[in-house]
Amino acid sequence: MGEQDWLTKDFYKVLGVDKGADKKTITKAYRKLARAYHPDQNPGDAAAEAKFKEIGEAYAILSNDEDRKRYDAIRAMGGGGARFAAGSSGGFEDLFGAFNARATGYGGGGARFQTGGADLDDLLSGLFGGGGAQGSGAQFGAGAFGAHGGQGRGPQSRPQPTKGGNRKANLAISFRQAIEGATLSIKVAGKTIKVRIPAGIKDGQKIRLAGHGKPGAHGGPAGDLEVSVAVKPHPVFSREGDDVVVTVPVSFAEAALGAKADVPMLDGSTRSVRIPAGSDADTAIRLKGKGCALKKGPGDLLVRIRIDVPTDLTREQKRAVEGLAEALGPVSRESWLEAAKE
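Residues numbered from 1 in each chain as written. Predicted model: local features only at pLDDT ≥ 70, side-chain atom pairs only at ≥ 80, totals over all residues. Heavy atoms only, no water.

Draft legend 1. Structural view of the overall build of the protein. Tallying secondary structure elements over the protein gives 10 helices and 14 strands in all. When burial is assessed residue by residue, the protein has 33% of its 342 residues classed as buried. Sequence separation of 24 or more characterises 56% of the internal contacts of the protein that already satisfy a separation of 6 or more. Here the protein has roughly 20400 Å² of accessible surface; of this, 50% comes from carbon and sulfur atoms. (Helix = DSSP H or I, 4+ residues; strand = E, 2+ residues; numbered from the N terminus. Buried < 20%, exposed > 50% of the residue type's maximum accessible area, 1.4 Å probe, protein only. Contact = heavy atoms within 4.5 Å. Areas by Shrake-Rupley, 256 points an atom, 1.4 Å probe, with all protein chains shown as cover.)

In structure tokens form, the structure reads like this:
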């Protein structure tokens, strides 16, 4: 973007700040808008992408003291009562033509530009760091309008702001932190960054933190930080979708006759749960709303049965089991074997 375009672009309005805003206010406004219009937050939204580029362009100029000074001067000359002497068309290109005529001594018939009654030579000497005009050898600050060796070359194009690259990091969290959510700290490139873990996050999911990646170029925004989350296994609880699963060990007698068992809850408490008579390994008791705490609503806690089979029976216990086996008889497997042939 050339400096000619600055007349039509109100960078202060783009960032939503006053013309007297300090750097801290400008940076704060930029970061807020950059997060809102970031392409990652608005996939496929061309308008948001254009707005994001416009925000970066405004920040690149207003965050640089020299660029901001030139921008304010050009805006003041173009929109604050600036006028040309007789014979000028009054367009912005004539403004730069007058600059070149004064710098080189050619063209323009010695045209002079005035703003509010002040000689342009005096104005430029104060704004751009160059000496006052000396006849046809007017000197401009290097980098003001591309002047070089006493000959004006017109406006120079500036490098466009470029977003920095992304960084990646890994973060291991506990099962309970994944279910309930947490705020943890992670150190990346020598900097400690707080990471908010949303409740219900799953193993392998990623969290993107805007603005915590590699620095941008030419005033562009920093890249993002992509955090891959690994959930550590829990010795008692596991997860199925939005539900939490806990497996309760029971004896054969409890499963056959029914019983009550204390079941651990995620909050550290216990709850007495009735084990139905005739339960087996496929039995699941669902406790509503006791699973993952999600925005859309909590999941459930599934209580599953695991029948513990004793492996070291005493003589009396063995005789009792044998008596029970004789009383119950063998399990019929005929239908099961026939189903296997289908």
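Draft legend 2. The arrangement of the layout of surface pockets in detail. Roughly 330 Å³ of volume is contained in the largest pocket. Contributing to the lining of the largest pocket are 16 residues, with Tyr30, Arg31, Ala210, Gly211 and Ala222 lying nearest its centre. Elements that contribute at least two residues to the lining of the largest pocket include exactly helix H2 (23-37) and helix H3 (46-62). Per-element accounting of the lining of the largest pocket gives the leading share, five residues, to H2. Of the residues that constitute the lining of the largest pocket, the class distribution is seven nonpolar, five polar and four charged. Its boundaries defined by the atoms lining it, the second largest pocket holds a volume of some 240 Å³. For the second largest pocket, the full set of lining residues is Phe252, Ile307, Asp308, Val309, Pro310, Leu313, Val321, Leu324, Ala325 and Leu328. The biggest single contributor to the lining of the second largest pocket is helix H9 (residues 315-328), with four residues. Partitioned by chemical class, the residues of the lining of the second largest pocket number nine nonpolar, no polar and one charged. (1 Å grid on protein atoms, 1.4 Å probe; cavity = no way out; pocket = protein on both sides within 12 Å on 5 of 7 lines; lining within 4 Å. Points joined across faces, edges and corners; volume = space filled by probe spheres on them. Nonpolar A, V, L, I, M, F, W, Y, C, P; charged D, E, K, R; others polar.)

Draft legend 3. Focus on the sheet that holds strand S10 (residues 243-250). Strand order in the open sheet formed by four strands is S9-S10-S14-S13, with mixed pairing between adjacent strands. Looking at the sheet topology across the chains shown, the edges are occupied by strand S9 (237-240) and strand S13 (284-287). Each strand of the sheet is rotated relative to its neighbour by a mean of 30°, with strand direction disregarded. Note: S10 against strand S14 (residues 301-307), seven bridges, orientation parallel. (Pairing = 2+ DSSP bridges. Axes fitted to C-alpha atoms, helices over the stretch in contact; angles between N-to-C directions.)

Draft legend 4. Structural detail: the packing of aromatic side chains. Evaluated as defined, the whole model comprises five aromatic pairs. Seen from their ring centres, Tyr12 and Tyr71 are 6.1 Å apart, and the 45° between their planes marks the pair as tilted. Residue Tyr12 is found in helix H1 (residues 11-15), and its partner Tyr71 is found in helix H4 (residues 65-79); the two are separated by 59 residues along the sequence. Exposure class is identical for Tyr12 and Tyr71. Each is buried. For the ring pair Tyr30 and Tyr59, a centre distance of 4.2 Å and an interplane angle of 10° mean the geometry is stacked. Here Tyr30, found in helix H2, pairs with Tyr59, found in helix H3; they are 29 residues apart in sequence, far enough to count as distant. Residue Tyr59 is classed as buried on the basis of its relative accessible area, which comes to 15%. An aromatic cluster of at least three residues, connected via ring pairs, comprises Trp6, Phe11, Tyr12 and Tyr71. (Phe/Tyr/Trp six-rings, centres within 6.5 Å; stacked < 30°, edge-to-face > 60°.)

Functional significance is not addressed by these values, which are geometric in nature.
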